[in-house]
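Notes for the structure review
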Amino acid sequence: FCLVVPSDGINTVSSNLLLNLCFQSCSFYNYSDTIANYLINVKDEISLTKLQQGLKMPMVEVWLGLLLGGFTLEQHGDFYHNQNVWVIVTMSSSQR
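In what follows, the accompanying structure is described. (Residues numbered from 1 in each chain as written. Predicted model: local features only at pLDDT ≥ 70, side-chain atom pairs only at ≥ 80, totals over all residues. Heavy atoms only, no water.)

**Things to note about the overall build of the protein chain**
Test applied: Helix numbers and strand numbers start at the N terminus; a helix is a DSSP run of H or I with at least 4 residues, a strand a run of E with at least 2. The classification of residues rests on relative accessible area computed with a 1.4 Å probe and restricted to protein chains. Under 20% of the type maximum is buried, over 50% is exposed, and intermediate values are partly exposed. Here, two residues are considered to be in contact whenever any of their heavy atoms come within 4.5 Å of each other. Areas reported as accessible are Shrake-Rupley estimates using a 1.4 Å probe. Residue values count occlusion only from the protein chains shown.
Each helix and strand counted, the protein chain has five helices and three strands in total. The order of helices and strands in the protein chain, counted from the N terminus, is α-α-β-α-α-β-β-α. Residues classed as buried in the protein chain amount to 28% of the 96 residues present. In the protein chain, 50% of the contacts between residues at least 6 apart in sequence involve partners at least 24 apart. Within the structure as shown, the protein chain displays about 6700 Å² of accessible surface, and the carbon and sulfur contribution to it stands at 58%.

**Focus: the side chain of Ser32**
So the rule is basically this: Under the rule applied, a polar contact is a pair of N or O atoms within 3.5 Å (in protein, one hydrogen donor and one hydrogen acceptor; residues adjacent in sequence only if both atoms are side-chain atoms).
The residue Ser32 is located in helix H2 (residues 27–39) in this model. The exposure class assigned to Ser32 is buried, which follows from its relative accessible area of 5%. Engagement of the side chain of Ser32 in a polar contact is seen with the backbone oxygen of Gly65, the distance being 2.7 Å.

**Some thoughts on helix H3 (residues 48–55)**
Residues that lie three or four places apart on an α-helix share one face, since the helix turns once every 3.6 residues. Let me state the cut-off plainly: The directions considered for the arc run from the helix axis to the C-beta atoms.
Taken together, the buried positions of H3 are occupied by Leu48, Leu51 and Leu55. The arc that holds the buried residues of H3, viewed along the axis, is 60°, so those residues lie on one side. The exposed residues of H3 that point more than 90 degrees off its buried face are Lys50 and Gln53. Looking at the packing, one finds that the buried side of H3 touches H2, strand S1 (45–47), helix H4 (59–69) and strand S3 (85–88). Looking one or two places after H3, you find Lys56, whose phi comes out positive at around 55°.

**Here's the deal with the environment of Phe71**
For Phe71, the location among the structural elements is in the loop between H4 and strand S2 (72–75). For the pair formed by Phe71 and Val89, sequence separation is 18 residues and the distance between their alpha carbons is 8.1 Å.

As structure tokens, then:
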């Protein structure tokens, strides 16, 4: 949550920039909704890379949506490989 209150108009440009950045951050929650809607048609689990390809969203948006949306993630294999991260589909994740 962001609150920007311009003091006397001197910092209007920086206040407007900050307000725009805060407004854009609200779209993070839309990422979670988009993911949840996609998962309605997925059974059990899907790899992170296949989810990202199916959604046609940038990987950073998928990660943010998953993390902020409280989705269940599992790692199958090495830590530094996206293809080893799986999204586990539960009733709660597909019914947001």
